[in-house]
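Observations on the model geometry
Chain residues, written in single-letter form:
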Amino acid sequence: MSLIPEIKPQQSVELLKELHILTRDGKINQDTRRKLKQVYHLYQFIEPLMADILSGKDTLTLADHGAGKSYLGFILYDLFLKDKPGAHVYGVETRQDLVDRSEDLARRLGFGGMSFLNLSVEQSITSDRLPAQVDIITALHACNTATDDAIRFALAKNAKYIVLVPCCQAEVAAVLRQKKNETMGKTALSELWRHPIHTREFGSQLTNVLRCLQLEAHGYQLTVTELVGWEHSMKNELIIAKKVGAGKKSARERQDSILRELNLEELRARFAY
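As the structure is a computational prediction, the values presented were derived from the model and not from experiment.

**Section: the packing of helix 7 (residues 171-178) against helix 9 (residues 196-217)**
In a packed pair of helices, the relevant descriptors are the angle between the two axes and the axis-to-axis distance. Contact geometry of helix 7 with helix 9 gives a least axis separation of 7 Å together with a crossing angle of 125°. Between helix 7 and helix 9, the interaxial angle falls into the category oblique. When you trace helix 7 past helix 9, the crossing you get is right-handed. Residues Val172, Ala173, Leu176 and Arg177 of helix 7 form the contact with helix 9, whose participating residues are Thr199, Arg200, Phe202, Gly203, Leu206 and Thr207. Split into classes, the residues belonging to the contact of helix 7 with helix 9 amount to 5 nonpolar, 3 polar and 2 charged.

Okay, structure coming up:
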């Protein structure tokens, strides 16, 4: 059992050292204490989802998009999945050096149910290196349209759960800015993004609204909340989607109406597939 109260008793201290959350002599400083708290906080959201999947079958597949150093994947695997023979975590990351580092770490720790793929989120949708069905998709701070690619991946893989922390949504704001003069003559709602700071913030919020409607149109039930505990980030919105049945026609109709009313119909292919 760890002598540091913040560390869960079943947690591998060696893993935390490799992730530089602990120093080589097992100490923790304020910065790494905050990082550990953040990862554990997110774990609290995802652990019940994994338990739900495993309550109905012996296998579980999870794909983490934009995995980076795979903090999340390693923590999930170490705390919950390493003793589940049918569980597998895929870390999808575009930086080959991080993929190599994660592969080496998983090998040294004996985490045989982890794989790391040097792919973009978009490439992963059609890659044969991932299974045809994936139970849980995570995409944390996947920048700009990478979050939409993660949603597209989840729909293609018939995921039961999708966990998103969107980041840097620039595309919608750019189109709002480009068409501002034209839209001013069409709707008084353009006042919502008349000023540059409002364009940026409204564009970000609108992006997530369109994503939520997209998921509802495909049969997902949503929980949208603040990811309390990630105080260092301005991007603090957590979206958890659960597949519950057939899609809602009304969600697609509302999405279409928003795109039309706000003069964003050129983005239909991004949000309405």
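Let's pick the thread back up.
**A few points about the pairing of strand 3 (residues 114-118)**
Taken together, the 5 bridges between strand 2 (residues 87-93) and strand 3 define a ladder with parallel strand orientation. Looking at strand 3, one finds that Val92 is bridged to Leu117. Crossover strand 2 to strand 3 through helix 4 (residues 96-109) is right-handed.

**Notes on the environment of Ile162**
With respect to the helices, strands and loops of the structure, Ile162 is situated in strand 5 (residues 161-167). The exposure class of Ile162 is buried, given its relative accessible area of 0%. In sequence terms Ile162 and Val134 are 28 residues apart; their C-alpha atoms lie 10 Å from each other. Non-local contacts of Ile162, meaning those with residues more than four positions away in its chain, are made with Ile137, Ala154, Leu215, Tyr220, Ile239, Ile240 and Ala241.

**As for the sheet that holds strand 6 (residues 220-226)**
Pairing in this open sheet of 7 strands is mixed, and the strands run 3-2-1-4-5-7-6 from one edge to the other. Each end of this open sheet is capped by a strand with a single partner; those strands are strand 3 and strand 6. Along the sheet, successive strands turn relative to each other by an average axial angle of 15°, direction set aside.

Rules used throughout
Residues numbered from 1 in each chain as written. Predicted model: local features only at pLDDT ≥ 70, side-chain atom pairs only at ≥ 80, totals over all residues. Heavy atoms only, no water. Axes fitted to C-alpha atoms, helices over the stretch in contact; angles between N-to-C directions. Helix = DSSP H or I, 4+ residues; strand = E, 2+ residues; numbered from the N terminus. Parallel < 35°, antiparallel > 145°, perpendicular 65-115°, else oblique. Left-handed = near helix turned anticlockwise from the far one by under 90°. Contact = heavy atoms within 4.5 Å. Nonpolar A, V, L, I, M, F, W, Y, C, P; charged D, E, K, R; others polar. Pairing = 2+ DSSP bridges. Right-handed = clockwise from strand over helix to strand, strands pointing away. Buried < 20%, exposed > 50% of the residue type's maximum accessible area, 1.4 Å probe, protein only.

By themselves, these observations are geometric and do not establish any function.
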